[in-house]
Amino acid sequence: MINTWSYLADYESNRDDILGIVDKVFSSGKLILGDEVSGFEKNFSSFCGLPCGVGVNSGTDALFLALKALGIGHGDEVVTVANTAVPTVAAIRAAGATPVFVDVEEDSFLIDVANVESAISVKTGCIIPVHLFGQPADMAPLMQIAAAKGVKVVEDCAQAAGAMYRGKAVGSFGDIGAFSFYPTKVLGAYGDAGMAVTADGDICAKLKRLRFYGMESAYYSEEEGYNSRLDELHAAILNFRLKTLGDAIRKRREIADYYSESLAGVGDIDVPAVKTDRSHSFYAYTIRTGRRDDLMRYLKEHGIESRINYPSPVHLMRGYHFLGYKPGDLPVTERLAGRILSLPIFPELPEESAREVVAGIRDFFE
Ligand SMILES: *Cc1c(COP(=O)(O)O)cnc(C)c1O
């Protein structure tokens, strides 16, 4: 079986290093908020070109605490997209705010900035662009609208570690960038982990308080906070994996280039558009076809796993029915949901397997 992703290939090739890290951390006498966490905060925020990173429990918490740190909550609206992972919306709701969904660009799957201005109301506190599948949203016009309207921007960078827009890293455009290090992500831990990055010293200090019961020093809370800490163990593994992130992304791009060269013009397939002013991390490689379900079944029968990211847009899920959206509200998003298919892509994917994926797709259309 060719899987879309498994951490086991990474573990197999780095087993000795990982077990060495586990032993080092367990022998250090410090398991929570120690040198590994502060080291990783420094390393990863520098990687993003920023002075501050705050390690938290997950990408969802990075988004939630970002909204809290910016004072976004009850009564506020947050403009975002519905073709995202549920956590984008769960974080907005956890902060007490209301998501307002806008439609996306068909070829890139990203927020269509042309729709943003009309979605902004007097209640809008924030925009959350999602750098979906590893490609940055069109940040220049988006930041212009945000500045003109006086609303904040939190970037959902969960799928896009290492991606760049006009030569600058994602996470460095908005007020705060929120990253996930969930194991499948481009930079993955061996468990849950996340980080909020920012250029603003006050926001940085506030994020650090919020993740730790509002405390600046032991046993005294300065403001109401939460528990959302990054473990030393995961930080140490992330410090190790950060060193090879550049190589890992290069490998993802090689696979993506190979797929795009080999699949353009096959059947009715549209390969994903990569915008010229951006570099893509290829968390997912997602094609579009009118025969998606049949193709997926055919590939599975031939030992090739594929995924749909995502089968239902969030605005049509039962869990978010109360928001009042109905089919037809986001035509491009809804059309995409029936046509998208993500192919196996991860740094350790053997060339031979990528060739089998292409051959399988070609056979299906012949
Ligand atoms: C994974 C993901 C998140 C949430 O990250 P977790 O670490 O799983 O909480 C948020 N937004 C997007 C777009 C994601 O893909």
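A few points on the structure.

### Focus: the state of the cysteines
For the structure shown, the criterion picks out one disulfide. The side chain of C52 participates in a disulfide bridge whose partner is C204; the two sulfur atoms lie 2.1 Å from each other. Between C52 and C204 the disulfide shows an S-S torsion of about 85 degrees. By sign, it is right-handed. Separated by 152 residues along the polypeptide, C52 in strand β1 (residues 52-56) and C204 in helix α7 (residues 201-210) bring together distant segments of the chain. For the unlinked cysteine C126, the closest cysteine sulfur is that of C157, found at 12 Å. A residue is classified by how much of its surface remains accessible, and C126, at 0% relative accessible area, is buried. The class for C157 is buried, based on a relative accessible area of 0%.

### Here's the deal with the side chain of R292
Looking at where R292 falls in the secondary structure, it is placed in helix α10 (residues 292-301). A relative accessible area of 7% means that R292 is categorised as buried. Residues contacting R292, with those up to four places away along its chain left out, are I308, A337, G338, R339, I340 and L341.

### Looking at the nonpolar core
By size, the foremost hydrophobic cluster in this structure holds 87 residues, and its most contacted members are F40, F44, F181, Y259 and L343. Leave out the neighbours within four places in its chain, and F181 touches F40, F44, L187, G188, A189, G191, A193, G194, M195 and L238. Core analysis: the next-biggest nonpolar cluster, separate from the first, contains 27 residues, A66, L67, A69 and L207 among them.

### Here we look at α7
Residue pairs three or four apart in sequence face the same way in an α-helix, which turns once every 3.6 residues. Listed as buried for α7 are I203, C204, L207, R209 and L210. In this structure, the buried residues of α7 make contact with β1, α3 (59-69), β8 (176-180), β9 (194-198) and β10 (215-217). The N-capping residue of α7, defined by a side-chain oxygen 2.8 Å from the backbone nitrogen of D202, is D200.

### Thoughts on the site of the ligand
For the ligand, the set of nearby residues contains 14 residues, the closest of which are G59, T60, D156, S180 and K185. One nitrogen or oxygen atom from the side chain of K185 is found 3.1 Å from an oxygen atom belonging to the ligand. Here the ligand, which alone exposes 380 Å², has 92% of that area covered by the protein. Of all the secondary-structure elements, those providing two or more residues to the shell around the ligand are α3 and α4 (86-94).

### Some points on the sheet that holds strand β12 (residues 278-279)
Two modes of strand pairing occur in sheets, parallel and antiparallel, and in both the strands are linked by backbone hydrogen bonds. Here we have three strands laid out as an open sheet, ordered β7-β6-β12, and antiparallel in their pairing. Of all strands in the sheet, those with a lone pairing partner are β7 (168-169) and β12, marking the two edges. Direction of pairing for strand β6 (residues 164-165) relative to β12: antiparallel, over a ladder of two bridges. Among the inter-strand pairings, M164 is bridged to a residue of β12, identified as S279.

### Things to note about a nonpolar patch on the surface
Side chains of F26, L31 and I32 sit close together on the surface and give an oily, nonpolar patch of about 300 Å² of accessible area. Summarising the element assignment, F26 is placed in helix α1 (residues 7-27).

### A look at the environment of K30
Mapping K30 onto the fold places it in the loop between α1 and α2 (35-47). Along the backbone, K30 and A273 are 243 residues apart, and their C-alpha atoms lie at a distance of 46 Å.

### A word on the sheet that holds strand β2 (residues 77-81)
If you walk across this open sheet you meet the seven strands as β1-β9-β8-β5-β4-β2-β3, and the pairing is mixed. Where the open sheet ends on each side, the last strands, each with one partner, are β1 and β3 (98-102). Here the average twist between neighbouring strands, direction ignored, is 25 degrees. Of the strand pairs in this sheet, β2 and strand β4 (residues 124-127) are connected by three bridges, and their pairing is parallel. Within β4, the position partnered with V79 by the bridge is I127. Sheet strands touched by α3: β1, β2, β4, β5 (152-156), β8 and β9. Its angle to β8, the strand with the most contacts, is close to 160 degrees. Along the sheet face, α7 touches β1, β8 and β9 and points at about 15 degrees away from the line of β1.

### Describing the packing of aromatic side chains
Inspection of every chain in the model, using the stated rule, returns 19 aromatic pairs. The interplanar angle of 70 degrees and the centroid separation of 5.2 Å between the aromatic rings of F109 and F133 together place this pair among those described as edge-to-face. Taken together, the residues span a long stretch of sequence, with F109 in the loop between β3 and α5 (116-119) and F133 in the loop between β4 and α6 (139-149) at a distance of 24 residues. Its relative accessible area of 5% is what places F109 among the buried residues. Ring plane angle 50 degrees and centroid distance 5.1 Å describe the contact between Y259 and Y285, whose orientation is recorded as tilted. One end of the pair, Y259, is in helix α9 (residues 245-263); the other, Y285, is in strand β13 (residues 285-288), and 26 residues separate them in sequence. In this structure, Y259 and Y285 share a single accessibility class: buried.

What counts, and at which threshold
- Residues numbered from 1 in each chain as written.
- Predicted model: local features only at pLDDT ≥ 70, side-chain atom pairs only at ≥ 80, totals over all residues.
- Heavy atoms only, no water.
- Disulfide = S-S within 2.5 Å.
- Helix = DSSP H or I, 4+ residues; strand = E, 2+ residues; numbered from the N terminus.
- Buried < 20%, exposed > 50% of the residue type's maximum accessible area, 1.4 Å probe, protein only.
- Contact = heavy atoms within 4.5 Å.
- Core = buried A, V, L, I, M, F, W, Y, C linked by side-chain atoms within 4.5 Å.
- Polar contact = N/O pair within 3.5 Å; in protein donor to acceptor, adjacent residues only side chain to side chain.
- Near = heavy atom within 4 Å.
- Areas by Shrake-Rupley, 256 points an atom, 1.4 Å probe, with all protein chains shown as cover.
- Pairing = 2+ DSSP bridges.
- Patch = residues over 30% accessible without salt bridge, like charges linked within 9 Å, V, L, I, M, F, W, Y side chains within 5 Å.
- Salt bridge = Lys/Arg side-chain N within 4 Å of Asp/Glu carboxyl O.
- Axes fitted to C-alpha atoms, helices over the stretch in contact; angles between N-to-C directions.
- Phe/Tyr/Trp six-rings, centres within 6.5 Å; stacked < 30°, edge-to-face > 60°.

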